[in-house]
There are 2 protein chains.
Amino acid sequence: MSVAGIPLYRTCVAPEWIDYNGHLRDAYYGLIVSYATDALMDRLGLDAAYRTATGCTLYTLEMHLSFLKEVMQDRTIVVALRLLGADRKRLHAALELWCEGDAEPAAGAELMLLHVHQGATVRSHPFPATVATAIGELLESSRVLPAEVPASRSMGLR
Amino acid sequence: MSVAGIPLYRTCVAPEWIDYNGHLRDAYYGLIVSYATDALMDRLGLDAAYRTATGCTLYTLEMHLSFLKEVMQDRTIVVALRLLGADRKRLHAALELWCEGDAEPAAGAELMLLHVHQGATVRSHPFPATVATAIGELLESSRVLPAEVPASRSMGLR
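Residues numbered from 1 in each chain as written. Chains lettered and ligands numbered in written order. Predicted model: local features only at pLDDT ≥ 70, side-chain atom pairs only at ≥ 80, totals over all residues. Heavy atoms only, no water.

**A short note on the environment of R82(B)**
Residues and elements named next belong to chain B.
- Mapped onto the secondary structure, R82 falls in strand 3 (residues 76-86).
- Taking the C-alpha atoms as reference points, R82 and H64, 18 residues apart in sequence, are found 15 Å from one another.
- Once you skip the residues sitting within four places of it in the chain, R82 turns out to touch G5, A93, A94, E96, S142, L145, P146, A147 and V149. (Helix = DSSP H or I, 4+ residues; strand = E, 2+ residues; numbered from the N terminus. Contact = heavy atoms within 4.5 Å.)

**Section: the pattern of salt bridges**
All names here are of chain B.
- According to the stated counting rule, one finds 12 salt bridges over all chains in the structure shown.
- A salt bridge links R75 to D102; its shortest N-O distance comes to 2.8 Å. You can see R75 sitting in the loop between strand 2 (56-67) and strand 3 and its partner D102 sitting in the loop between strand 4 (90-99) and strand 5 (107-118), a full 27 residues away along the chain.
- The partly exposed category is assigned to R75, whose relative accessible area is 28%.
- Across the pair D87 and R90 runs a salt bridge, and its minimum N-O distance is 3.0 Å. (Salt bridge = Lys/Arg side-chain N within 4 Å of Asp/Glu carboxyl O. Buried < 20%, exposed > 50% of the residue type's maximum accessible area, 1.4 Å probe, protein only.)

**Some words on the relation of the copies chain A and chain B**
- Between chain A and chain B, the superposition needs a rotation of 180 degrees and an axial shift of 0.0 Å, giving an RMSD of 0.0 Å. The symmetry that links the two subunits is that of a two-fold axis. Measuring from the rotation axis to each C-alpha of chain A, the shortest distance belongs to H64(A), at 2.2 Å.
- Looking at chain A, 100% of its interface residues are interface residues in chain B too, so the copies touch through the same face. (Least-squares fit on C-alpha atoms with pLDDT ≥ 70 in both.)

**Some words on the packing of helix 1 (residues 26-44) of chain A against helix 3 (residues 129-143) of chain A**
Residues and elements named next belong to chain A.
- Look at helix 1 against helix 3: their axes get within 9 Å of each other, and the N-to-C directions meet at 115 degrees. Contacts between helix 1 and helix 3 involve L40, R43 and L44 on the former and, on the latter, V131, A134, I135 and L138.
- Within the contact of helix 1 with helix 3, the residues separate by chemical class into 6 nonpolar, no polar and 1 charged. (Axes fitted to C-alpha atoms, helices over the stretch in contact; angles between N-to-C directions. Nonpolar A, V, L, I, M, F, W, Y, C, P; charged D, E, K, R; others polar.)

**A closer look at helix 3 (residues 129-143) of chain B**
Residue and element names in this part refer to chain B.
- Along its 15 residues, helix 3 runs 21 Å from first to last C-alpha, staying within 8% of the 21 Å computed at 1.5 Å per residue.
- Those residues of helix 3 not exposed but buried are V131, A134, I135, L138, L139 and S142. Taken down its axis, helix 3 places every buried residue within 140 degrees of arc, on the same side. Summarising the geometry of helix 3, the exposed residues directed more than 90 degrees from the buried face are A129, T130, E137 and R143. (Expected span 1.5 Å × (residues − 1). Arc of directions from axis to C-beta.)

**With respect to the packing of helix 1 of chain A against helix 1 (residues 26-44) of chain B**
- Axis separation between helix 1 of chain A and helix 1 of chain B bottoms out at 8 Å; the angle between their running directions is 180 degrees. With respect to helix 1 of chain B, the axis of helix 1 of chain A lies roughly antiparallel. In this structure, helix 1 of chain A uses D26(A), A27(A), Y28(A), G30(A), L31(A), S34(A) and Y35(A) to contact helix 1 of chain B, whose residues at the interface are D26(B), A27(B), Y28(B), G30(B), L31(B), S34(B) and Y35(B).
- The class makeup of the residues in the contact of helix 1 of chain A with helix 1 of chain B is 8 nonpolar, 4 polar and 2 charged. (Parallel < 35°, antiparallel > 145°, perpendicular 65-115°, else oblique.)

**With respect to the environment of L8(A)**
All names here are of chain A.
- Within the fold, L8 resides in strand 1 (residues 6-12).
- Taking the C-alpha atoms as reference, L8 lies 21 Å from D87; in sequence the two are 79 residues apart.
- Setting aside its immediate chain neighbours within four residues, L8 contacts A36, A39, L40, R43, V79, L81 and L95.

**Examining the interface of chain A and chain B**
- Facing the 43 residues of chain A at the interface are 43 residues of chain B.
- Note on chain A versus chain B: buried area summed over both sides is about 3800 Å², and carbon and sulfur give 53% of it.
- Ranking the residues of chain A by area buried against chain B places Y20(A), M155(A) and L157(A) at the top, with a combined share of 20%.
- Applying the counting rule to chain A against chain B returns 4 salt bridges. (Buried area = accessible area lost by both parts, 1.4 Å probe.)

Set out below in structure tokens:
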């Protein structure tokens, strides 16, 4: 296994995530991606303490999932990150989901995340300086990493 | 509310789908999309009886989710379909998720689905004639429907 990204999160496949096809239901790949995003928030200092103190958090604007391999029960999933881009308020992240021990990834995901303040109305809000610095470092270390999964694209029958 | 698509599925938002942000977690929009896909399979004759009799089913190749509005607990979600395309083995579907009573959709989704036979190895497999006919009818009735949600696209900071 040669996971190309920055290790972010790992989990076992739960029995209740298996569908009538005998494998991990498509949406639960997305749940693993969602939990991995929580781990990214912790790493960047956007953790529960930050959220309580500031009223700020991340909202997901878009999530693209590419399903490459079936995943069976009791496998361990490792999620790796490449941060593809960022601006004052947004993160564009690529995640790969690998079954531990496999030679190829099981799925790829891309996310667009927006930093917001949750008040009476929800408004986009710039990252604080310490978080912006952590984002810059993660962007820098992502730049040298190869992509195992093709970039997201518009969907269509070709 | 003017849901543009073909009504496919409805569900209440479960308490366990709410995250630390106080709203429906991103991945559970995807679970609702996944359950709506099961409803589409039932409608096309790809139901449990078909799957048992033939060993054939649908696999999801790609899922794109666009999050447009927060969804709070106890809302009822209505899912509407437009079938965008099909070939001998694949379906390209657009779904809209609406909170019942709202004037705008809460989310859009696109799916690429592949018909497969699950044997010792999983192989793509043409739709049987009766299913192909049902797909043709759904394509025909989808053609006149307006899109409330923009088509999927490659992701990036612009």
